[in-house]
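Results of the structural survey
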Amino acid sequence: MLIQNLALYEDKYAIRVNSENDTLFYYFDYDVRSAEINMQFQHFHTFYELCVLLCPHAVHFVEGKPYRLEAFDIIGIPPNVLHQTQYPAGNPCKRLIIQFAMPKTVPGLSNEYEQLVGVFHREVPIFRFDGELRKKLYGKLNDIFLLAPKTDPMRDLIIHQKFVEFLTLLYLNQGNNQYSNETEMSPMERKIYSITSYIHSHYSEELSLERLAQQFCISSCYLSHQFKDVTGFTITDYIQMTRVRNVQSLLINTQIPITEAAVPCGFASFSQFNRVFRKHIGMSPSQYRKQYAMGHSEFEQPQ
């Protein structure tokens, strides 16, 4: 299926090159999402991810901050950054998720590879192009779509080549990005999402309903009700989940002893950390680290 004469798409179509534990890895996931199956809370990956929206609109959250998306917008998500897409009620939304990893050290090309993925680390890593440039970008993805079913012995290498060409186009034309965040929100929604963004930036500090109410000049009772109405979470649960997600990242990406992971993520004590982690994840931190090491993490499924 060709969407708006631009992007090839087939429901439940997937392309994989290697696994997420390999130095070079690609996973292209063509699927639909809807409001009924929105992920409850923001999640992270240990690899890079591109979310390509193929439906009229959605809202993407990066570290608690919302960004409104239109069809064919491209979102670049670095490893270990909390994010979530909220799809609107109504018809399911088509989207393409591309998860990938590239070698960090390639003799003679390390600097170039680092620059390619550098576009993911922009303050707002969302891209919107039109005209011939957009056709060229999607042309690279369409080439990969068409190549995937073939048994060509060079298939995986060509997929890598085409994707590097795609990233190179993105990198060279980032100055032509037309994206501007025009998320429609009420003044109260804007305040609430300012608070969620603040929580993501200050989760290691002492946070509470009263402290946040004082910081943002709003009564604690009113903030409590409005926060739950807008986000679906109590402030306490939101703070806890943000901290837990950051602990998960530490447990996966570092060798830090579990007993030392609590304080940098804002927990007052190890006992509190252990209790809250079990509450939200359903297992102990040591069980989680062991499970992830065995390749069974539930937090890296395409959304």
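Look above for the structure.
Residues numbered from 1 in each chain as written. Predicted model: local features only at pLDDT ≥ 70, side-chain atom pairs only at ≥ 80, totals over all residues. Heavy atoms only, no water.

Within a sheet, adjacent strands bond to each other through the backbone by hydrogen bonds, running parallel or antiparallel. Spatial ordering of the open sheet is given by β3-β4-β10-β5-β8-β11, a layout of 6 strands whose pairing is antiparallel. Each of the sheet's edge strands pairs with one partner strand only, and the pair in question is β3 (14-17) and β11 (126-127). Two strands pair when backbone bridges link them, and β3 and strand β4 (residues 25-33) are joined in this way by 4 bridges, in the antiparallel orientation. Bridging across to β4, Ile-15 finds its partner in Phe-28. (Pairing = 2+ DSSP bridges. Helix = DSSP H or I, 4+ residues; strand = E, 2+ residues; numbered from the N terminus.)

Our focus in this paragraph is the pairing of strand β8 (residues 74-77). Of the two faces of β8, both are covered, the one formed by Ile-74 and Gly-76 as well as the one formed by Ile-75 and Ile-77. In this sheet, β8 lies alongside strand β5 (residues 48-53) in antiparallel orientation, the contact comprising 4 bridges. Bridging from a neighbouring strand, Leu-50 pairs with Gly-76 of β8. As paired elements, β8 and β11 share 2 bridges and run antiparallel to each other. The residue bridging Ile-74 from the neighbouring strand is Phe-127, located in β11. (Buried < 20%, exposed > 50% of the residue type's maximum accessible area, 1.4 Å probe, protein only.)

We now examine the nonpolar core. One finds Tyr-26, Phe-28, Leu-54, Phe-100, Tyr-138, Phe-163 and Phe-166 to be the most contacted residues of the largest nonpolar core, which totals 45 residues. Among the secondary structure elements, those contributing two or more residues to this core are β2 (7-8), β3, β4, β5, β10 (93-101), α1 (110-118), α2 (131-147) and α3 (155-172). Leaving out residues up to four positions away in the same chain, Phe-28 has contacts with Tyr-13, Ala-14, Ile-15, Leu-96, Ile-97, Ile-98, Leu-141, Ile-144, Ile-159 and Phe-163. Core analysis: the second largest hydrophobic core is formed by 20 residues, Ala-261, Phe-267, Val-276 and Tyr-292 among them. (Core = buried A, V, L, I, M, F, W, Y, C linked by side-chain atoms within 4.5 Å. Contact = heavy atoms within 4.5 Å.)

The subject of this paragraph is unusual backbone geometry. As a rule of thumb, non-glycine residues mostly have phi less than zero, and peptide bonds are mostly trans rather than cis. Notably, Lys-12 is not glycine yet its phi reads approximately 65°, a positive angle. Within the fold, Lys-12 resides in the loop between β2 and β3. Non-glycine residue Cys-217 carries a positive phi angle of around 55°. Note on placement: Cys-217 falls in the loop between α5 (209-215) and α6 (220-231).

Tracing the sequence through the fold places Phe-166 in helix α3. When the C-alpha atoms of Phe-166 and Met-188 are compared, they prove to be 39 Å apart, with 22 residues separating the residues in sequence. Excluding residues within four positions of it along the chain, Phe-166 makes contact with Leu-50, Ile-74, Leu-137, Lys-140 and Leu-141.

A few words on the sheet that holds strand β9 (residues 83-86). Taken together, 3 strands build an open sheet; the order of strands is β7-β6-β9 and the sheet is antiparallel. In this open sheet, the two strands that pair with only one neighbour each are β7 (65-70) and β9. For this sheet, the mean inter-axis angle between neighbouring strands, taken without regard to orientation, is 25°. (Axes fitted to C-alpha atoms, helices over the stretch in contact; angles between N-to-C directions.)

Geometry only, nothing functional implied.
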